Amino acid sequence: MAPGDMLRYQVDRFHAVMEEFAGHKGQRIVFIHGKGEGVLRNAIVNELRYKYKKYTYQDASFQEYGYGATQVTIR
C-alpha cells in the first residue's frame, strides 16, 4: 500500500469505530497511532475538531500507552 492509501484506511477505521460507539455516552476509546511523525495523530485530531466536535479528547495515559495514543470520550 502507498502511504496515502494506508492513511485513508486508518482514518476510515477511525470513523467506523466512532460510528460504532456514537450512542455510548461516557465511553472512552483509545486510538493507538504511534509517535512517528504525527501524520495519523494529526488526521485523528483534525477529524475530532471538525467532525466530532462534541467529543472530548486528550493524550492517553503515558504509563499505559506511551507517547503514541489519543483517548476520546463520547459525550
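Here, the structure is the one placed above.
The notes below deal with the structure included here.

Analysis parameters
- Residues numbered from 1 in each chain as written.
- Predicted model: local features only at pLDDT ≥ 70, side-chain atom pairs only at ≥ 80, totals over all residues.
- Heavy atoms only, no water.
- Salt bridge = Lys/Arg side-chain N within 4 Å of Asp/Glu carboxyl O.
- Helix = DSSP H or I, 4+ residues; strand = E, 2+ residues; numbered from the N terminus.
- Buried < 20%, exposed > 50% of the residue type's maximum accessible area, 1.4 Å probe, protein only.
- Phe/Tyr/Trp six-rings, centres within 6.5 Å; stacked < 30°, edge-to-face > 60°.

Let's shift gears to the pattern of salt bridges. Evaluation of the coordinates by the stated rule reveals two salt bridges. A salt bridge links Arg8 to Asp5, with the shortest nitrogen-to-oxygen separation between them at 2.7 Å. Of the two residues, Arg8 and Asp5 both sit in helix H1 (residues 3–20), three residues apart, roughly one turn of that helix. Residue class for Arg8 comes out exposed when judged on its relative accessible area of 52%. A salt bridge links Arg41 to Asp59; the nearest nitrogen and oxygen atoms lie 3.4 Å apart. You can see Arg41 sitting in helix H2 (residues 39–50) and its partner Asp59 sitting in strand S2 (residues 56–59), a full 18 residues away along the chain.

Here the structure, examined in full by the defined rule, presents four aromatic pairs. Relative to Tyr55, the ring of Tyr52 lies with its centre 5.7 Å away and its plane at 15°, an arrangement referred to as stacked. Each member of the pair, Tyr52 together with Tyr55, is buried. A connected cluster of aromatic rings, assembled from ring pairs, spans Phe14, Phe31, Tyr52 and Tyr55.

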